[in-house]
Amino acid sequence: MFFSNHNDNITYSNHFNGLLEVNGEGALCREDAEVWGESGNDWAQSYDVLSVTEGITSLGEGYLDAFPMIGCLILSRTVVSVAVTPALVKEMRKRKVLIRGEYDTFAESFAIENKLDFLHSDIHLADCVDEEHYEREIITLRFHADSASDIHRNIFTPGSSAGSYGGGEITNELPKDFYIGRTVEEFAGIFRGSAREQILSNEAVRRFFEAANRR
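Residues numbered from 1 in each chain as written. Predicted model: local features only at pLDDT ≥ 70, side-chain atom pairs only at ≥ 80, totals over all residues. Heavy atoms only, no water.

### Quick word on the packing of aromatic side chains
Each pair of aromatic rings is reported with the distance of its centres and the angle of its planes. Put simply, the rule reads: The rule is short: rings of Phe, Tyr and Trp, with Trp giving its six-membered ring, pair when the centres are within 6.5 Å, and they are stacked under 30 degrees, edge-to-face over 60, tilted in between. Geometrically, a lysine NZ or arginine CZ counts as sitting over a ring once it is within 6 Å of the ring centre and also within 35 degrees of the ring normal.
Per the counting criterion, the structure on display carries 15 aromatic pairs. Of note, Arg215 hangs over the ring of Tyr103, and the distance from its end group to the ring centre comes to 3.8 Å.

### Section: the pairing of strand E6 (residues 56-59)
Going by this rule: Pairing between two strands requires that DSSP report at least two bridges joining them. Helix and strand labels come from DSSP, where a helix needs a run of H or I of at least four residues and a strand needs a run of E of at least two; each type is numbered from the N terminus.
Both strand E4 (residues 26-28) and E6 contribute to a ladder of three bridges, which runs parallel. Within E6, the position partnered with Leu28 by the bridge is Leu59. Pairing of E6 with strand E8 (residues 81-82) involves two bridges; the strand directions are parallel. Paired with Leu59 across the bridge in E8 is Val82.

### Brief notes about the confidence of the model for the protein chain
Cut-off, in case you're wondering: A residue's pLDDT is the predictor's confidence in that residue, given on a scale from 0 to 100. Note on contacts: a residue pair qualifies if any of its non-hydrogen atoms lie within 4.5 Å across the two residues.
Here the protein chain shows a mean pLDDT of 91. Residues at 70 or above account for 92%. Here residues 160-164 is a poorly scored stretch, pLDDT under 50, and it has two contacts once near neighbours within four places are set aside; other chains count.

### Observations regarding the side chain of Thr140
Mapped onto the elements, Thr140 comes out in strand E12 (residues 135-142). With residues near it in sequence (within four places) discarded, Thr140 still touches Asp122, Ile123, His124, Leu125, Asp150, Ile151 and His152.

### A word on the layout of surface pockets
What counts here: Put simply, the grid is 1 Å and covers the protein atoms alone, a cavity is a trapped set of points that fit a 1.4 Å probe, a pocket is an open set with protein on both sides within 12 Å along at least five of seven lines, and lining residues have an atom within 4 Å of a point. Grid points are joined across faces, edges and corners, and a volume is the space filled by probe spheres set on the points. Basically, the charged four are Asp, Glu, Lys and Arg, the nonpolar ten are Ala, Val, Leu, Ile, Met, Phe, Trp, Tyr, Cys and Pro, and anything else, Gly included, counts as polar.
Its volume calculated, the largest pocket comes out at about 1200 Å³. Around the largest pocket sit 36 residues that line it, and Leu19, Glu21, Ile74, Asp122 and Thr140 are the ones nearest its centre. Of the residues contributing to the lining of the largest pocket, the split by class is 12 nonpolar, 15 polar and nine charged. Each pocket or cavity is described by its volume, and for the second largest pocket that value is around 300 Å³. Around the second largest pocket, the lining is made up of 15 residues, and of these Tyr103, Leu119, Phe143, His144 and Ser149 lie nearest the centre. Among the elements that take part in the lining of the second largest pocket, strand E10 (residues 118-120) stands out by supplying three residues, more than any other. In terms of residue class, the lining of the second largest pocket is built from nine nonpolar, four polar and two charged.

See the structure below:
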């Protein structure tokens, strides 16, 4: 994890797969990309996906310039503005930066305005705990630019010794038109137990089905 030198409320969560999440509230400025113990832009060059999480409302002038290797920009629905120069937009097009977010939000309009590809962001569906077997399962609805959507299940279970963890990943591909003419209730019906209940109360899922079926 990285902490902004400029704003104590801005933090960065780094992931092994090249994903960097920025967390906080309000507007981000160029100085927010300067973090403790690091100088220049070198620290950010290991990441090719930048996810701006809920709570952040805008990306100010110069902020995106601090992340020159980004190939995918994920904007939460709370983001309502991103400052870019013509030179930066040109560079983003050259790198074929993919913009991700929810339908009918600033993320989609930003992509259209700047002639960048757009893809709906993945939706966290549920966290399920099997207390009997000490298992935890994270279920995600994933969207892909070049293949069908799928349900991804990431399962964590204790190993045979302290500090050892097992589990696995299961992926179930969905039909191309899995959402057309269907309700959240119908979609949730393919799940069981607490997963079904969590999906029924998941506003992100409901927004997706409503927006997707209006298209």
